[in-house]
There are 2 protein chains.
Amino acid sequence: MSSGTYFPQNIIIKKRDGGALTQDEIGFFARGVVNGQFADYQATALLMAIFWRGMTPQETAWLTDAMMRSGDVIDLRDLPGAKVDKHSTGGVGDKVSLILAPLAAACGITVPMMSGRGLGHTGGTLDKLEAIPGFRVMLDVPEFRAILQKVGMAMIGQTPQVVPADRKLYSLRDVTGTVECIPLICASIMSKKLAEGIDSLVLDVKFGQGAFMKKKEDALTLARAMVAVGQAAGKPVWAQLTAMNQPLGRCAGHTTEVIESIECLKGRGPDDLMEVTFALTGHMLVLGGAAKDMAEARTKMDTAIANGRALQKFHEMCVAQGGDPRVIEDYSILPTANKKIEVRARGADASGFVSEVDALRCGHAIMALGGGRAAVTDKVDHAVGIADLIKIGEPVAPGTLLCTLHVNDDAKGTRAEALVREAVKFTAAAPTLEPLVQELIS
Amino acid sequence: MSSGTYFPQNIIIKKRDGGALTQDEIGFFARGVVNGQFADYQATALLMAIFWRGMTPQETAWLTDAMMRSGDVIDLRDLPGAKVDKHSTGGVGDKVSLILAPLAAACGITVPMMSGRGLGHTGGTLDKLEAIPGFRVMLDVPEFRAILQKVGMAMIGQTPQVVPADRKLYSLRDVTGTVECIPLICASIMSKKLAEGIDSLVLDVKFGQGAFMKKKEDALTLARAMVAVGQAAGKPVWAQLTAMNQPLGRCAGHTTEVIESIECLKGRGPDDLMEVTFALTGHMLVLGGAAKDMAEARTKMDTAIANGRALQKFHEMCVAQGGDPRVIEDYSILPTANKKIEVRARGADASGFVSEVDALRCGHAIMALGGGRAAVTDKVDHAVGIADLIKIGEPVAPGTLLCTLHVNDDAKGTRAEALVREAVKFTAAAPTLEPLVQELIS
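These numbers were taken from a predicted model, which means no experiment stands behind them.

**Q** Help me understand the overall build of chain A, please; the structure alone is not making it clear to me.
**A** Looking only at helices and strands, chain A features 16 helices and 13 strands. Seen through its C-alpha atoms, chain A measures out along the principal axes to roughly 70 × 45 × 40 Å. Looking at chain A residue by residue over its 442 residues, the buried ones come to 57%. A separation threshold of at least 6 residues defines the contact pool for chain A, and within that pool the share at least 24 residues apart is 77%. Of the accessible surface of chain A, which amounts to about 16,600 Å², a share of 53% is contributed by carbon and sulfur atoms.

Following this line, the structure appears as structure tokens:
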């Protein structure tokens, strides 16, 4: 494992010529991007060569492992029960984590969740949590561990000590056209999740026009690669393929999504959002041994919602992480926009059924309102967003409410309204609905 | 041509996906690597994408032009006569420039030659010239121009103001596995030559085991690409394909090559070296209008050597560039090694004919003696080298001199002798000799 015998250019040339790298070469790379032995301009040449030539499942597993070991690996073995997390490839309106984590914890699973911030049209879990007054997401590992012990769940941001190689590589990939590469995506996601100290993991791999992966086959390839990496690391990983052609649920933004999540925990969630949440949480319960099958898992989840235990976990998390738990009963405590604009169907074609709610355009509407980030340093406006969003297949006539925009600036509101109007399309005949929750790769 | 509208990652992604870049995009890249708008780590990702996807002849011509314009372009139009230069892809023992430049100048051509230093097993023209006491190669453009005006030739190093984009890109390519890429090689060579203010150019593109291009077809591809770039720039370029399976001439090193070059100008050069020199210089005379065809060119060159005019030009260049012209008559003025080792054929198989003199191993022998550079910052020992080298096809018997090593250190001499012994191979029957000077691409 001596790194003195490796030269970055030899590793680059080997991959450039289509060769498979050894574990030592990959280890030298992952350590080198952090300690400087692999210069940035050499790392990006190798990333492009990997984009071109790909990586074998074995190389991907080694890269994941080496990236994971580039920083602290959290050890939660002394905590009781199964440590299971969920990761989603993301989508507009996807607030599943906020419901799933307390729900799984209420059913006996320990959920050590490290999440990211939003960038571009997709929101981030940390930003949503920060809509809750006082909520702290940047906790150190001892506090994370203490909350997990006490509450059975915690939702925090990645600490700087965890997987520094990914932070470095992602920032380079982002500006060098090397993002859309399955082995690199796989290693980035899996190295961070495996560093959390989990026993097993459920992945939500989305596909469709609103997802990072447009085609189901690409989502399937990524899902299989991540399941294989989990296998190589000795951690069971199940990957759920989920269609993402419209925003999930009826709300997008920060305050609006927190409200919708709490409504779900109160048993009043929209069907599509609950379907995905129950599927993913159910897999966590089965993987973690809290339920013997999905039917038993569903019974337990229904009970945890009905008896308030899931909502109670959300309350406990707020208290533990400094957030004001009164938001659960009083949504006006959350940042609130100055103005609500009701966007209603109009014009000759506004009749029949909704055939399309373009998630990307809805995401751009959030951006236009000031609720997103174009650059990592941008501040987000938690108050703005979309609520009451109409869903594909719902009937429409002139005057039907398409959504309510929560707006803090009239000009931004006008721009967002135009984007939402572009997003929603109509058809005379009721459209066939694609199943939301599809294959499970395990 | 506004560069504000380009983003490096978009240009990288376009090339990554196999697209052809526009002139503006290529210009933004070439300027950007110098002014920092294209970060090093983005440049190397693009270089790897170019290595993968290639460049069209049009893209290569635009890249050459943009690189040339990244710095000063010398204008020699006010100087009388045709300005013609020669460039070689390089090889062990190749001292053609030292003979060709004075010979062409003696025949009426103006030769504005900017050369490089040696790296690895191949020697550099500048290093050889610096074996001459006092010889200055780092002249500024006004002095270069003044010497060209007075002598009709000058041999200098590239000034920092000429093609800074190439200096930057080459240093990045060198450490990122993106050297062996025809469009990039072509743009690197041609941008530097076109910035010299030439009217036309002769290229010596070598192939064979001692050359950068091992296969003739690769050399042909490179030759054609460079001729096309010259055409696009409105400058006639002829490319001579030359076999490079053994060192050129009988000497390799610095002092030894200077002596051999002067011997050539005195009419006592070895056949192979003179054949290549006459071919390349002849093309310069025809391209520059100093001879109507190769036959007339040959007559003029023979005359210039016989009447001492070519040697006189070498003398004038030495005087103009600060070198001691007495070296022409007294080789002992040059740096001289402590010891000469005669390497003689021995052993059972040392009879018959020489079948192989491996140029790469001979180059490594020079390196072993201290006469080469492993890194650009290394100092070279001008005194050491190889002389009296036997040639392929010459008869051999036990005791036949294979070469004389000029040595300053016994241990290094022993190592160099072993390398030379590995380089020279024998065969019972006389081998068929491959023609040295082959196709001309024009």
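There is more to say, and it comes next.
**Q** I keep staring at the pairing of strand β2 (residues 111-115) of chain B and nothing clicks. Help me out?
**A** Regular strands show a simple pattern: their side chains alternate between the two faces of the sheet. Residues and elements named next belong to chain B. Most of β2 is tucked away: 5 of the 5 residues are buried. Taken together, the 5 bridges between β2 and strand β3 (residues 153-157) define a ladder with parallel strand orientation. Following the sheet pairing, Ser 115 is matched in β3 by Gly 157.

**Q** How should I be thinking about the interface of chain B and chain A in this particular structure?
**A** One frequent convention defines the size of an interface as the accessible area lost when the parts assemble. Counting residues at the interface gives 20 residues for chain B, matched by 20 residues for chain A. Overall, the association of chain B and chain A removes approximately 1,700 Å² of surface from exposure, summing both partners, and the carbon and sulfur fraction of that is 72%. The tally of links between chain B and chain A comes to 2 salt bridges. The closest approach of N and O atoms between Arg16(B) and Glu180(A), which form a salt bridge, is 3.1 Å. Between chain B and chain A we count 9 residue pairs in polar contact (both at pLDDT 80 or more) in total. Sort the elements by how many residues they give to the side of chain B that touches chain A and helix α3 (residues 40-53) of chain B lands first, with 9 residues. Taken together, the residues of the side of chain B that touches chain A break down into 10 nonpolar, 6 polar and 4 charged.

**Q** So what exactly am I meant to see when it comes to the sheet that holds strand β13 (residues 437-441) of chain A here?
**A** Within a sheet, neighbouring strands are paired by backbone hydrogen bonds and run either parallel or antiparallel to one another. Residue and element names in this part refer to chain A. With mixed pairing, the 4 strands of this open sheet are ordered in space as β1-β4-β5-β13. Each edge of the open sheet carries a strand with a single partner, namely β1 (84-88) and β13. The mean inter-strand angle of the sheet, taken between neighbouring strand axes irrespective of direction, is 20°. Relative to strand β5 (residues 237-243), strand β4 (residues 200-207) is paired through 7 bridges, and the arrangement is parallel. Counterpart to Leu 203 in the pairing with β5 is Ala 239. Against the sheet, helix α12 (residues 271-287) engages β1, β4, β5 and β13, with an angle of about 155° to β4.

**Q** For this particular structure, what's the right way to read the packing of helix α1 (residues 8-16) of chain B against α3(B)?
**A** Residue and element names in this part refer to chain B. Look at α1 against α3: their axes get within 9 Å of each other, and the N-to-C directions meet at 15°. Between α1 and α3, the interaxial angle falls into the category roughly parallel. As α1 runs across α3, the sense of the crossing is left-handed. Taken together, the residues of α3 that come into contact with α1 (itself represented by Pro 8, Gln 9, Ile 11, Ile 12, Lys 15 and Arg 16) are Gln 42, Ala 45, Leu 46, Ala 49, Ile 50, Trp 52 and Arg 53.

**Q** What am I meant to see in unusual backbone geometry here?
**A** Among all residues save glycine, negative phi is the norm, and among peptide bonds the norm is trans. The phi dihedral of Val163(A) is positive, around 45°, even though this residue is not glycine. The residue Val163(A) is located in the loop between β3 (153-157) and α8 (164-174) in this model.

**Q** What am I meant to see in the relation of the copies chain B and chain A here?
**A** The relation between the two chain copies is a rotation about an axis coupled with a shift along that axis. Rotating chain B by 180° and moving it 0.1 Å along the rotation axis overlays it on chain A with an RMSD of 0.1 Å. Taken together, the rotation and translation relating the two chain copies correspond to the operation of a two-fold axis. Within chain B, the C-alpha atom positioned nearest to the axis of rotation is that of Tyr41(B), 1.9 Å from it. Take the interface residues of chain B: 100% of them recur as interface residues in chain A, which is what a same-surface contact looks like.

**Q** I tried to follow the side chain of Ser88(A) on my own but got confused; where do I start?
**A** Residue and element names in this part refer to chain A. Topologically, Ser 88 is positioned in strand β1. Separated by 2.9 Å, the side chain of Ser 88 and the backbone nitrogen of Gly 90 make a polar contact. Within the structure, Ser 88 has its side chain in polar contact with the side chain of Asp 94 (distance 3.1 Å). The residues contacting Ser 88, other than those within four sequence positions of it, are Asp 94, Asp 204 and Lys 206.

**Q** Hey, could you run me through the domain arrangement of chain A in this one?
**A** Taken as a whole, chain A is organised into domain 1 (3-54), domain 2 (84-331) and domain 3 (336-427). When each unit is reduced to the centre of its C-alpha atoms, the spacing between domain 1 of chain A and domain 3 of chain A is 45 Å.

**Q** Please explain the confidence of the model for chain A as it appears in this structure.
**A** A low pLDDT means the predicted coordinates there should not be read in detail. Considering every residue of chain A, the mean pLDDT works out to 94; 98% of them sit at 70 or more. Per the prediction output, this complex has pTM 0.87; the corresponding ipTM is 0.85.

**Q** So what exactly am I meant to see when it comes to the sheet that holds strand β9 (residues 385-387) of chain B here?
**A** All names here are of chain B. Reading across from one edge, β6-β9-β11-β7 is the order of the 4 strands in this open sheet, with antiparallel pairing throughout. Sheet topology places β6 (252-253) and β7 (339-344) at the edges, where each strand pairs with a single neighbour. As defined by bridge partners, β6 adjoins β9 across 2 bridges and the pair is classed as antiparallel. The residue bridging Ala 252 from the neighbouring strand is Ile 386, located in β9. Its contacts with the sheet place helix α16 (residues 410-423) against β7, β9 and β11 (401-407), and it is angled at close to 155° to β11.

**Q** Just to check I follow, could you spell out the side chain of Lys15(B) for this structure?
**A** Residues and elements named next belong to chain B. Tracing the backbone shows Lys 15 in helix α1. In terms of polar contacts, Lys 15 uses its side chain to reach the backbone carbonyl oxygen of Gly 19, at 3.0 Å. Leaving out residues up to four positions away in the same chain, Lys 15 has contacts with Ala 20, Leu 21, Leu 46, Ala 49, Ile 50, Arg 53, Gly 54, Met 55 and Glu 59.

**Q** Got a minute to help me understand the pattern of salt bridges in this structure?
**A** Where charged atoms from two side chains of opposite charge approach closely, those side chains can pair. For the structure on display, the rule yields 60 salt bridges over all chains. In this structure, the salt-bridge partner of Asp410(A) is Lys339(A), at a minimum N-O distance of 2.8 Å. Here Lys339(A) lies in strand β7 (residues 339-344) and Asp410(A) lies in helix α16 (residues 410-423), a separation of 71 residues in the sequence. Linking Asp204(B) and Lys206(B) is a salt bridge whose minimum nitrogen-to-oxygen distance equals 2.7 Å. Per residue, the accessibility class of Asp204(B) equals that of Lys206(B), and both read buried. Each of Arg16(A), Asp17(A) and Glu180(B) takes part in one network of salt bridges that share partners.

**Q** Sorry, what's going on with helix α1 (residues 8-16) of chain A here?
**A** At 3.6 residues per turn, the α-helix brings residues three or four places apart onto the same side. Regarding α1(A), the residues found buried are Pro8(A), Ile11(A), Ile12(A), Lys15(A) and Arg16(A). In an axial view of α1(A), the angular spread of the buried residues amounts to 135°, which keeps them on one side of the axis. Turning to α1(A), the residues buried within the fold contact α2 (23-35), α3 (40-53) and α4 (57-68) of chain A together with α3 of chain B.

**Q** Mind showing me how you'd approach the state of the cysteines here?
**A** Disulfides are covalent bonds that link the sulfur atoms of two cysteine residues. Residues and elements named next belong to chain A. In the structure shown here, the tally under the stated rule is 0 disulfides over all chains. The cysteine Cys 186 is free of any disulfide, with Cys 181 supplying the nearest cysteine sulfur at 10 Å. Cys 186 sits in the buried class, given a relative accessible area of 0%.

**Q** Could you clarify how one ought to interpret the packing of helix α5 (residues 96-106) of chain A against α12(A) in this entry?
**A** The description of two packed helices rests on the angle between their axes and on the distance between the axes. Residue and element names in this part refer to chain A. Across the interface, α5 lies against α12 with an axial gap of 10 Å and an inter-helix angle of 40°. Of the possible angle classes, the one that applies to α5 and α12 is oblique. Seen from above, α5 lies across α12 with right-handed handedness. Counted together, Val 96, Ile 99, Leu 100, Leu 103 and Ala 104 of α5 and Leu 273, Val 276, Thr 277, Phe 278, Leu 280, Thr 281, Met 284 and Leu 285 of α12 form the full contact between these two elements.

**Q** Explanation requested: the pairing of strand β4 (residues 200-207) of chain B in the structure shown.
**A** Residue and element names in this part refer to chain B. Here β4 lies mainly inside the structure; 8 of its 8 residues are buried. Residues of β4 alternate between two faces, with Ser 200, Val 202, Asp 204 and Lys 206 on one and Leu 201, Leu 203, Val 205 and Phe 207 on the opposite face, all of them buried. Bridge analysis of strand β1 (residues 84-88) against β4 gives 5 bridges, and the strand direction is parallel. Counted as the bridge partner of Asp 85 is Leu 201 from β4. Handedness of the crossover is the feature at issue here: the chain leaves β4, passes through helix α10 (residues 216-232), returns alongside strand β5 (residues 237-243), and the resulting connection is right-handed.

**Q** Could you clarify how one ought to interpret the packing of aromatic side chains in this entry?
**A** To describe a pair of aromatic rings, you give the distance between the ring centres and the angle between the ring planes. Under the counting rule described, the total for this entry stands at 9 aromatic pairs over all chains. On the numbers, 5.8 Å between centres and 35° between planes, the contact of Tyr6(B) with Phe28(B) is tilted. Of this pair, Tyr6(B) sits in the segment before α1 while Phe28(B) is found in helix α2 (residues 23-35), placing the two residues 22 residues apart along the sequence. The pair formed by Tyr6(B) and Phe28(B) is uniform in burial state, with each residue classed as buried. Three or more aromatic residues link up through ring pairs in this structure, and these residues are Tyr6(A), Phe28(A), Phe29(A) and Phe38(A).

Rules and cut-offs
Sequence order as written defines residue numbering, which begins from 1 separately in each chain. As a convention, the first chain written is A and the first ligand written is 1, with the rest following in written order. Residues qualify for local features only when their pLDDT is at least 70, as the model is predicted, and side-chain atom pairs are given and counted only at 80 or more; totals for whole chains, interfaces and linings, by contrast, use all residues. The side-chain quantities take in all heavy atoms of the structure and omit both hydrogens and water. In DSSP terms, a helix is any run of H or I states spanning at least four residues, a strand is any run of E spanning at least two, and both are numbered starting from the N terminus. For every residue, the accessible area obtained with a 1.4 Å probe (protein chains only) is divided by the maximum for its type, and the residue is called buried under 20%, exposed over 50%, and partly exposed between those limits. Contacts between residues were defined by any pair of non-hydrogen atoms, one from each residue, lying within 4.5 Å. Here the open area of atoms and residues is found with the Shrake-Rupley method and a 1.4 Å probe, where only the protein chains shown may cover a residue. For two strands to be treated as a pair, DSSP must find at least two bridges joining them. Put simply, buried area is the surface a 1.4 Å probe can reach on two separate parts but cannot reach once they are joined, added for both. Any Lys or Arg side-chain nitrogen located within 4 Å of an Asp or Glu carboxyl oxygen qualifies as a salt bridge. N or O atoms within 3.5 Å of each other form a polar contact, as long as, within protein, one can give a hydrogen and the other can take it, and as long as residues adjacent in sequence are counted only when both atoms are side-chain atoms. Residues were grouped as follows: Ala, Val, Leu, Ile, Met, Phe, Trp, Tyr, Cys and Pro as nonpolar; Asp, Glu, Lys and Arg as charged; and all remaining residues, including Gly, as polar. Note on geometry: axes are C-alpha line fits, over the in-contact stretch for helices, and angles between N-to-C directions span 0 to 180 degrees. For classification purposes, an angle smaller than 35 degrees is called roughly parallel, one larger than 145 roughly antiparallel, one from 65 to 115 roughly perpendicular, and anything else oblique. Handedness of a crossing is defined here by the sense of rotation of the near helix relative to the far one, left-handed for an anticlockwise turn of less than a right angle and right-handed for a clockwise turn. Residues reaching a pLDDT of at least 70 in both copies supply the C-alpha atoms on which the copies are superposed by least squares. Throughout the structure description, domain borders are defined by an automatic or database domain assignment. What pLDDT conveys is the predictor's confidence in a given residue, as a value from 0 to 100. Our arc is simply the arc of the directions from the helix axis toward the C-beta atoms. The disulfide criterion is simple: two cysteine sulfur atoms within 2.5 Å. Here the term right-handed applies to a crossover when the path leading from its first strand over the helix to its second strand runs clockwise, the strands being oriented away from the viewer. Centres within 6.5 Å make a pair out of two Phe, Tyr or Trp rings, where for Trp the six-membered ring is used; the pair is then stacked when the planes are under 30 degrees apart, edge-to-face when over 60, and tilted otherwise.

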